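Tertiary structure, described
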Amino acid sequence: MNKKGFILLMFLFSTFYGHSQLTWNVKAGMNLSRVTNDQMDIDLKPGYQVGAGMDYFFNDHWGIQSSLMLISKGYKSKGDYNYPPAWEAPAKTYDRTENRVYIELPVTLAYKFKIAAHINLILSSGGYISYGIAGKHKNNITLKDGHTATDKYNTFAKNTTDKFDTGIVGGATLEFRNKYTIGLVGEWGLKSAIGDFSKNQTYGLNIGYKF
């Protein structure tokens with residue numbers, strides 16, 4: 001490499017790192033989640049999300065974001081019970097709630113631009129991996145004779161729900177004075193948790209602080 005090429009390379013290198021910025025953050029919020037399932041009527045279930053992460057911006061616009069999150073997912077479902085009865089009196093209706101708690105690692109590519117004085121909008125997309133650590137499955141079944149039965153167990157205990165999950169994630173975040181954030185995030189699972197269905201879908205709102 002000649003002298004001019006070396007000087008140009010050093011200039012580009014110093015420019016890249018001169019604009020780079022690493023920040024850390026904490027955030028927490030609420031979400032609504034469901035699963036894909038064409039065999040049941042699925043409703044959204046409220047949940048939560050809390051965690052910490054980092055933003056690394058290469059320049060004024062482009063960067064990478066990652067977080068380590070504790071997030072609650074799952075679903076609610078109720079309707080007519082059409083499965084083979086496990087009791088002497090045939091079942092009539094069911095009311096089911098499943099909570100899935102994951103440790104999750106999302107990694108996204110982000111683009112930031114200013115929309116007003118001291119206010120930035122950050123758009124991001126990427127993927128996530130997660131591992132289920134806890135959760136409860138509860139199913140209240142009403143029998144045709146008027147009696148009720150309840151089936152409860154740990155979501156991941158009976159090996160019916162896969163602990164590993166992966167999917168795509170996208171979001172939009174408003175950043176105020178480079179310190180305070182409020183963000184919308186959506187996650188779409190690519191891996192079925194039970195058989196050929198039951199992929200996670202989650203839509204959340206969080207607030208955060210950068211330092």
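Here is what the cut-offs are and how they apply
Residues numbered from 1 in each chain as written. Predicted model: local features only at pLDDT ≥ 70, side-chain atom pairs only at ≥ 80, totals over all residues. Heavy atoms only, no water. Helix = DSSP H or I, 4+ residues; strand = E, 2+ residues; numbered from the N terminus. Contact = heavy atoms within 4.5 Å. Phe/Tyr/Trp six-rings, centres within 6.5 Å; stacked < 30°, edge-to-face > 60°. Buried < 20%, exposed > 50% of the residue type's maximum accessible area, 1.4 Å probe, protein only. Lys NZ or Arg CZ within 6 Å of the ring centre and 35° of its normal. Polar contact = N/O pair within 3.5 Å; in protein donor to acceptor, adjacent residues only side chain to side chain. Salt bridge = Lys/Arg side-chain N within 4 Å of Asp/Glu carboxyl O.

What follows deals with the overall build of the protein chain. A count of helical and extended segments in the protein chain gives 1 helix and 11 strands. In the protein chain, the succession of α and β elements from N to C terminus is α-β-β-β-β-β-β-β-β-β-β-β. Contacts in the protein chain between residues far apart in sequence, at least 24 positions, make up 65% of those at least 6 positions apart.

On to the packing of aromatic side chains, then. Inspection of the entire model under this criterion finds 8 aromatic pairs. Between Tyr102 and Phe156, the aromatic rings sit 5.9 Å apart at their centres with planes inclined by 75°, giving edge-to-face as the arrangement. Taken together, the positions of Tyr102 in strand S5 (residues 91-116) and Phe156 in the loop between strand S8 (148-154) and strand S9 (164-176) put the pair 54 residues apart, joining distant regions of the chain. Looking at Tyr102, the relative accessible area reads 0%, which means it is buried. When the centroid spacing of 5.6 Å and the interplanar angle of 55° are considered together, the rings of Tyr180 and Tyr209 count as tilted. Of the two residues, Tyr180 is situated in strand S10 (residues 180-189) and Tyr209 in strand S11 (residues 200-210); the sequence distance between them amounts to 29 residues. Among the aromatic residues, those joined into a ring-pair cluster are Trp62, Tyr111 and Phe113. The side chain of Lys73 reaches across the aromatic face of Tyr102, ending 5.5 Å from its centre. The ring of Phe57 has Lys112 sitting right over it, with the charged end atom 4.3 Å from the ring centre.

The residue Lys76 is located in strand S4 (residues 62-80) in this model. Under the relative-accessibility criterion, Lys76 is labelled partly exposed at 31%. Every residue in contact with Lys76, bar those within four places of it in the chain, is listed here: Asp41, Ile42, Asp43, Leu44, Lys45, Arg96 and Thr97. In terms of polar contacts, Lys76 uses its side chain to reach the side chain of Thr97, at 3.1 Å.

So, on to the side chain of Ser72. By the element assignment, Ser72 lies in strand S4. The class of Ser72 is buried, set by a relative accessible area of 2%. Within the structure, Ser72 has its side chain in polar contact with the side chain of Asn99 (distance 2.6 Å). Excluding residues that lie within four positions of it along the chain, Ser72 makes contacts with Asn31, Ser33, Lys45, Gly47, Tyr48, Asn99, Arg100 and Val101.

Once that is clear, we can look at the side chain of Lys45. Considering the arrangement of structural elements, one finds Lys45 in strand S3 (residues 45-57). A distance of 3.1 Å separates a polar atom in the side chain of Lys45 from a polar atom in the side chain of Asn99. Setting aside residues up to four positions removed in sequence, Lys45 forms contacts with Asn31, Leu32, Ser33, Ser72, Lys73, Gly74, Tyr75, Lys76, Thr97, Glu98 and Asn99.

Another aspect to go through is the pattern of salt bridges. Pairing between side chains of opposite charge can happen when their charged atoms approach one another. Scanning all chains against the criterion turns up 7 salt bridges. Note that Asp55 and Lys210 form a salt bridge whose closest N and O atoms lie 3.4 Å from each other. Taken together, the residues span a long stretch of sequence, with Asp55 in strand S3 and Lys210 in strand S11 at a distance of 155 residues. Of the two residues, Asp55 and Lys210, both sit in the buried class. If you follow the salt bridges from partner to partner, you end up with Asp55, Lys112, Glu175 and Lys210 in one network.

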